[in-house]
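# Breakdown of the fold
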Amino acid sequence: MTRLFETERRLSGLLRSGSLRGTSSLLPGRSSPKMAAKGSEEKTQFQEMEEEATSAAEKDIESEQEEGMGVEDSSEEEDESSEDEKENEAEIQRLEEQLSINAFDYNCHVDLIKLLRQEGELLRLRRARQKMSELFPLTEEIWLDWLKDEIRMTEEEPNRGSIYELFERAVKDYICPEIWLEYAQYSIGGMGAPGGIDKVRSIFERALMAVGLHMTKGAALWEAYREFENAILATLVAEPPKLAEYQAYIDYELKEGDPARIQIIFERALVENCLVPDLWAKCTKYLDRQLKIRDLVLSCHDRAVRNCPWTMDLWRNYLLALERHGAEHQVVTGTFEKALNAGFIQATDYVDIWQAYLDYLRRRVDFTKESSQQLEELRAAFTRALDYMKQDVEERFSESGDPSCTIMQIWARIEALHCKNIQKARELWDNIMTKGNAKYANMWLEYYNLERSYGDALHCRKALHRAVQCTSDYPEHVCEVLLTFERVEGSLEDWDIAVQKTETRLTRVIEQRAKVAEKEALLAQQEEEKTEQRKKAKAEKKAQKKTQKMGRTGEKRKAEDDDEGEEWGEESEQPAKKHRGEGDPSLEDAATEELMETESGLYGRKTGETLSSRKARVAAEVTRRAQDAARDKRDDGASVFVSNLAFSMEDPEKKMRDLFQDCGSIEQIRPIYNTRGTFRGYCYVQFEDKASVPNALKLDRREVDGRPMFVSPCVDKNKNPNFKVFKYSTTLEKHKLFISGLPYSCTREQLDELCKEHGTVKDIRLVTNRSGKPKGLAYVEYEDEAQASHAVLKMDGMLLEGHTLTVAISNPPRRNVLDKPDGSRAPGAVMPRQVYGARGKGRTQLSMLPRALNRQAGAEPKAENGTLQNPGTAGASGFEAQTKSLSNADFSRMLNKK
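Residues numbered from 1 in each chain as written. Predicted model: local features only at pLDDT ≥ 70, side-chain atom pairs only at ≥ 80, totals over all residues. Heavy atoms only, no water.

Looking at an unreviewed UniProt entry, one finds the protein chain named Spliceosome associated factor 3, U4/U6 recycling protein and attributed to Scleropages formosus. Per UniProt, the protein chain has the following entry under Subcellular location (unreviewed entry): "Nucleus". (UniProt positions renumbered as here; feature names shortened; annotations may be inferred.)

In structure tokens, the structure reads:
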């Protein structure tokens, strides 16, 4: 019947499509004279279709008859299957009994598993397989059947871990590529889980390591892995690698050392990061040092300066590469002219590019000849460089970029060394000194060394005498050099003159420094007085707030007690209650302490208790604290204050006890908590003996949990407001250096090795922040002032791990410097709050007063260790100028003065 319906549908489809158009006229009882010519052909086609439909109908009738007979056969098959099940069950029981007698019968295990799988006894089948796997390694077929059955049983379960464990057991029995392939395919179904893709890749990698070299079946795993990765790529939107990823890739290839791979990864990175100068510099450096292929190297340098023309280092490296590969002089000169027009971003870049070009010209000169075209070209280039720095660079940057006159120093040394023209060198040095360098000791010493090497003793003596008179930064060092020179070269008369000049100069320097120190001491005293006044005012304000708060608290407690008495009708029967804050002062202190932060951090939690129970709890707490206060007598003299501890420290009391137990016997440790019970990062450690405190203070700055622990004496600042915790000097220390610009990786040992070459190092302190991370700063203490001065001259500007060090005599900025003097304020007066407009503090704090009217008086601030301070005697600030009322006549007089 089905085939009949299909044939009918086929016929109707042919009729609708027109392929059998006109055949209806050939049906019985109908004729058409128009179709006589095609009758025979169409009749044949229709007859075939009709015969096919008839035969299909007959077959359907026969199949229906067979189905009727099949009903009877099915009943017979059911009887036979029930008998087979009974036989199989009996065989299963027999096999199980046999295995109970001999568990190591391999064939019996195999037969039992086949029967159980045939009967569909999945639970019994799982136990049978489990027992067999414990005794024997299973074959590939048994494992595959077991894995497929378990996968079907756990299709709807979200946990796939049991199947993964079963696969891990399977791959350990034999090297089976099909099991590994099944494992990888199953893991693909878990790609959607977190880390699913990584897990699939891991399984594929393990599979390839295990059976990837299998001759006949290993290729299937490779093909599956490839298809998996292609599918992943098809679903992802590929993003170009970032610069950091390229940098890591480049570093890896550089270690491997394959030139072709290194070159291609550089090109890939440069296409997507063509405006990164460091990447171009790294690529050209590799080509210059490793490949050294002329066309390839020069092409890369040319592309580098065209992509990043503002980077001086790329132009300098390009000039060196041209010279290294023997480029023509016109090409090098043309490249240098392009560099001058590139538009560098700072004045020092022009100094560096001129130095590179002058070095190239110097290397072209044959100094064995008295005069040559190359020498004249070199001197002309030096002259042009000085003019260029004075005109073009100063006009653009308002500075020459070469305050130390490095170009002139090089020119002078070339004239003295190669050209034997010491007179030209002296003229150049005279010009250098007239440009504001005469006050620097290192400049005079450079000139002295030049005269010492290529001049005579007379000019050396003249240079040192001038240096003694002019030097203002390190006159002691210059005086020492002069005296040393006279010991070696001079006569008695020369020695006497040198001693007289140095003594006179040093006496004048000492007087000047004494005046400066006196002025600084006066300023420091004024600042301390102002600080003390502020502290007193703050303490008075705090006491006033505390009194007001206690008054409000007492009134509130009284009102609650009165309300409660009226509610229960006890006002006339109960005697007057003694409220908190009245009577015993110890109870008053305990009640006050209830409102403040406690050391335990457990008091003050809000609960849903009633008023009466809360009052009872407060009374009990007050009583307990009064007892504790009487019992706990704190001794600040035998205690230290420990701070800057990690808030996340577990059991701080035990941690502090372990750290300070070697200092002496510990009486108690009081860690401080907030109202939520969280450790606040500081505590008090009290010893039984006061002699233990100095030992505890030696642990200051000890690293604890990655942070420096601060240990200081326990002093009540309300009683001792002038006590300073900061233990380092804040004044000028001539024997101590301040070093900045250190790399963060610099260690104390590394810095000691660097500094001990210039004298005896007594102490080194690396400056860190509160979290223990270095700040790139350090203080180095020498034995005397002369060693420190010598170290400054030698170390200032030195390179350490690519960082330029700045070294100076330690002169820390004064702490707590006020921006505006307030000596006229009365002691204890409170500073007025700054008044803002109706819309609050504005986004900008620019003064709206014209600059002509907002000029500040006073000396310029003095630089101290890289910071600027306002002198204490500075005039009124811009804010004070704005608040002062001025008339129109005042404004007119100010403008006329301008």
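### Structural notes on helix α20 (residues 441–454)
With 14 residues, α20 ought to run about 20 Å at 1.5 Å a step, and its terminal C-alpha atoms sit 20 Å apart, in line with that. When α20 is considered as a whole, its buried residues turn out to be Ala 441, Met 443, Trp 444, Leu 445, Tyr 447, Tyr 448, Leu 450 and Glu 451. In this structure, the buried side of α20 is in contact with α18 (406–417), α19 (422–437), α21 (457–470), α22 (475–489) and α29 (785–795). (Helix = DSSP H or I, 4+ residues; strand = E, 2+ residues; numbered from the N terminus. Expected span 1.5 Å × (residues − 1). Buried < 20%, exposed > 50% of the residue type's maximum accessible area, 1.4 Å probe, protein only. Contact = heavy atoms within 4.5 Å.)

### Things to note about the sheet that holds strand β8 (residues 774–782)
An order of β7-β8-β6-β11 is seen for the four strands of this open sheet, with the pairing classed as antiparallel. At either end of the open sheet lies a strand with only one pairing partner, and these are β7 (761–768) and β11 (806–810). Strand after strand, the sheet turns through a mean of 25° between neighbouring axes, direction not considered. One ladder, built from seven bridges, connects β7 with β8; its direction is antiparallel. (Pairing = 2+ DSSP bridges. Axes fitted to C-alpha atoms, helices over the stretch in contact; angles between N-to-C directions.)

### So, the packing of aromatic side chains
Following the criterion strictly, the structure yields 27 aromatic pairs and no others. Taking the centre distance of 5.0 Å and the plane angle of 5° together, the rings of Trp 143 and Trp 146 count as stacked. Residue Trp 143 and its partner Trp 146 are located together in helix α5 (residues 140–153), separated by three residues, close to a single helical turn. A ring pair is formed by Trp 354 and Tyr 388, whose centres lie 5.9 Å apart and whose planes are at 55°; its orientation type is tilted. (Phe/Tyr/Trp six-rings, centres within 6.5 Å; stacked < 30°, edge-to-face > 60°.)

### Focus on the pattern of salt bridges
Here the structure, examined in full by the defined rule, presents 40 salt bridges. Measuring nitrogen to oxygen at the nearest pair gives 3.0 Å for the salt bridge that ties Glu 415 to Arg 379. With Glu 415 in helix α18 and Arg 379 in helix α17 (residues 373–397), the pair connects residues that are 36 residues apart, well separated along the chain. Of the charged contacts, one joins Arg 748 and Asp 763 as a salt bridge, the two residues approaching to 3.4 Å between their closest N and O atoms. One end of the pair, Arg 748, is in helix α28 (residues 748–755); the other, Asp 763, is in strand β7, with 15 residues separating them in the sequence. Judged by its relative accessible area of 40%, Arg 748 is partly exposed. Connected through shared salt-bridge partners, Arg 117, Arg 129, Asp 149 and Arg 152 make up one network. (Salt bridge = Lys/Arg side-chain N within 4 Å of Asp/Glu carboxyl O.)

### Things to note about the environment of Ile 353
By the element assignment, Ile 353 lies in helix α16 (residues 347–364). Beyond its immediate stretch of four places on either side in the chain, Ile 353 contacts Met 312, Trp 315, Arg 316, Leu 319, Phe 336, Ala 339, Leu 340 and Phe 344.

### Considering the pairing of strand β3 (residues 679–687)
Pairing geometry for strand β1 (residues 639–643) and β3, over four bridges, is antiparallel. From the neighbouring strand, Val 640 faces β3, where its bridge partner is Val 685. Relative to β3, strand β2 (residues 666–673) runs antiparallel, the two being bridged by six bridges. Among the inter-strand pairings, Pro 671 is bridged to a residue of β3, identified as Cys 683. The hairpin turn running from β2 into β3, its antiparallel successor, is five residues long, and Gly 677 in that turn takes a positive phi close to 85°.

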